[in-house]
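Fold and contact review
Each chain, letter by letter, is given below.
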There are 2 protein chains.
Amino acid sequence: MILGSPHLQRLVDAFRRLPGVGGKTAERYALHLLAAPQDAAEELAAALQEARRAVCHCGTCRNLSDSDPCRICSDPRRDHGIICVVEKPAGAMAIERSGIYRGLYHVLHGAINPLEHIGPEELRIDLLLNRLKEGAIREVILATNATTEGETTAHYLSRLIAPLGVRVTRIAHGVPIGSGLEYADEATLLRAIEGRGNF
Amino acid sequence: MILGSPHLQRLVDAFRRLPGVGGKTAERYALHLLAAPQDAAEELAAALQEARRAVCHCGTCRNLSDSDPCRICSDPRRDHGIICVVEKPAGAMAIERSGIYRGLYHVLHGAINPLEHIGPEELRIDLLLNRLKEGAIREVILATNATTEGETTAHYLSRLIAPLGVRVTRIAHGVPIGSGLEYADEATLLRAIEGRGNF
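From a predicted model like this one, the values you see are computed outputs, not experimental measurements. (Residues numbered from 1 in each chain as written. Chains lettered and ligands numbered in written order. Predicted model: local features only at pLDDT ≥ 70, side-chain atom pairs only at ≥ 80, totals over all residues. Heavy atoms only, no water.)

**Some thoughts on the pattern of salt bridges**
Residues and elements named next belong to chain A. Summed over all chains, the structure comprises 20 salt bridges over all chains. A salt bridge links Glu 151 to Arg 170; the nearest nitrogen and oxygen atoms lie 3.5 Å apart. Here Glu 151 is found in helix α6 (residues 148–161), whereas its partner Arg 170 is found in strand β6 (residues 167–170), with 19 residues between them in sequence. We classify Arg 170 as partly exposed; its relative accessible area is 25%. Because the salt bridges share partners, they merge into one network encompassing Glu 151, Arg 170 and Arg 191. (Salt bridge = Lys/Arg side-chain N within 4 Å of Asp/Glu carboxyl O. Helix = DSSP H or I, 4+ residues; strand = E, 2+ residues; numbered from the N terminus. Buried < 20%, exposed > 50% of the residue type's maximum accessible area, 1.4 Å probe, protein only.)

**Section: unusual backbone geometry**
The linkage connecting Asp 68 of chain A with the following residue, Pro 69 of chain A, adopts the cis geometry, with an omega of 0°. Its place among the elements puts Pro 69 of chain A in the loop between β2 (64–65) and β3 (82–86). The backbone phi angle of His 117 of chain B is positive, close to 60°, even though this residue is not glycine. With respect to the helices, strands and loops of the structure, His 117 of chain B is situated in the loop between β4 (104–107) and α5 (125–133). Its relative accessible area of 66% is what places His 117 of chain B among the exposed residues. Even without being glycine, Arg 124 of chain B reaches a positive phi, approximately 50°. Tracing the backbone through its elements, the reader meets Arg 124 of chain B in the loop between β4 and α5. Residue Arg 124 of chain B is classed as partly exposed on the basis of its relative accessible area, which comes to 34%.

**Some remarks on the domain arrangement of chain A**
If you check the domain split of chain A, you get domain 1 (2–54) and domain 2 (57–198). For domain 1 of chain A and domain 2 of chain A, the distance between their C-alpha centroids amounts to 34 Å. (Domains from an automatic or database assignment.)

**Concerning the sheet that holds β4 of chain B**
Residues and elements named next belong to chain B. Across the sheet, which stays open at both edges, the four strands sit in the order β4-β3-β5-β6 with parallel pairing between neighbours. Pairing within the sheet leaves two strands with one partner each, and these edge strands are β4 and β6 (167–170). Along the sheet, successive strands turn relative to each other by an average axial angle of 25°, direction set aside. Alignment of strand β3 (residues 82–86) against β4, held across four bridges, turns out to be parallel. Bridge pairing in β4 places Val 86 opposite Val 107. (Pairing = 2+ DSSP bridges. Axes fitted to C-alpha atoms, helices over the stretch in contact; angles between N-to-C directions.)

**Some words on the sheet that holds strand β5 (residues 139–142) of chain A**
All names here are of chain A. Taken in spatial order, the four strands line up as β4-β3-β5-β6 in an open sheet, and their pairing is parallel. Both edges of this open sheet fall to β4 (104–107) and β6, since each of them pairs with a single strand only. For this sheet, the mean inter-axis angle between neighbouring strands, taken without regard to orientation, is 25°. Looking at chain direction, β3 and β5 are connected through four bridges and run parallel. By the bridge assignment for β5, Val 85 is matched with Leu 142. Along the sheet, α6 contacts β3, β5 and β6; its crossing angle with β6, the most-contacted strand, is approximately 165°. (Contact = heavy atoms within 4.5 Å.)

**Brief notes about the packing of aromatic side chains**
By the definition in use, this model includes five aromatic pairs over all chains. Here Tyr 101 of chain B and Tyr 105 of chain B contribute two aromatic rings whose centre-to-centre distance is 5.3 Å and whose plane-to-plane angle is 65°, an arrangement assigned as edge-to-face. Comparing Tyr 101 of chain B with Tyr 105 of chain B shows no difference in burial state: the two are buried. Taken together, the ring pairs in this structure connect Phe 15 and Tyr 29 of chain A together with Phe 15 and Tyr 29 of chain B into an aromatic cluster. (Phe/Tyr/Trp six-rings, centres within 6.5 Å; stacked < 30°, edge-to-face > 60°.)

**Notes on the packing of helix α1 (residues 6–16) of chain A against helix α2 (residues 23–35) of chain A**
A pair of packed helices can be characterised by two numbers: the angle between their axes and the separation between those axes. Residues and elements named next belong to chain A. The interhelical angle for the contact between α1 and α2, taken along N-to-C directions, is 125°, at an axis separation of 8 Å. Judged on the interaxial angle alone, α2 and α1 are oblique. In the crossing of α1 with α2, the sense of the turn from one axis to the other is right-handed. Residue-level contacts link Leu 8, Leu 11, Val 12, Phe 15 and Arg 16 of α1 to Gly 23, Ala 26, Glu 27, Tyr 29, Ala 30, Leu 31, Leu 33 and Leu 34 of α2. Here the contact of α1 with α2 is composed, by residue class, of 10 nonpolar, one polar and two charged. (Parallel < 35°, antiparallel > 145°, perpendicular 65-115°, else oblique. Left-handed = near helix turned anticlockwise from the far one by under 90°. Nonpolar A, V, L, I, M, F, W, Y, C, P; charged D, E, K, R; others polar.)

Below, the structure is given as structure tokens:
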């Protein structure tokens, strides 16, 4: 036990449960907050409780939000004819940060994964289909991850959506901008060459 | 603002104040806790508040502790004739983890740094001297960091302690175990060669 302090140990253990945080990093966080002015620890504790209380899922797009419908779903300046389907809120966040997209989102909170018993029911794909059946959507961009699960989900969705007369597209995959061919793995190069376009 | 959620933004901002945590890592922590079961966030918040309330400085060695005197200062099986002086609680923690040391500690909570206006008063070096004047201490191991400030502090302490008739030692510096010469910087190599011993 850390210096025989169960309280310090409890704090370190709580930090260790964060993604990618090991024992030494957790210790560093805990010691930093105990050495910092009182309000730094108080602020983190209050922010945690407040976010847990106030942040919910938008009833329309299932993204994280303070309000329902969320700011994006209720923004009349967004294009309400396009939905971008992502696995996680972090994906929507990354696209928002790029500033390139002005349509709506739909967050699945996962991807189809039979081994983990995650299927269409768990992802509430019915909610996405209900949005499409309302008739205002002309395109669905599938932006699930480029993993086996993400590809499976994209294929499943495209077969479900195509009969509804909605255009289905998939984000492009290839060599990242700013990176050289020598850093790309074989699967990425394969997709980059298969997906080549006219110059 | 992240997805237009001030609550999520506040949580991300609070995580960003942790050492070495940038925007993306803070976002990852926040999204993880909002996706995890309710009790993960609650537990971290409660652990923070509890640690802040319960963890204090030992009145003898100034280390972090749940009790005063701390578990180490009040342990009769430790050697009460040796004090190891460290800058931070993390230093004492690292030495404890090695299991090699059975004496007591003294935590300065910093090092002498004239540019930051940190001198002997701020480090409460009088408290260390009081412990030595009680007469039971036969050795002080200076384990301040191998930085300019740490070395300055070690020199200052050694000049102050030597007249009290207490043996003053400094931890060894050199090439880390398990590492090759090619990875050591020049200052470390200099110390490794200067400090060489008979084989």
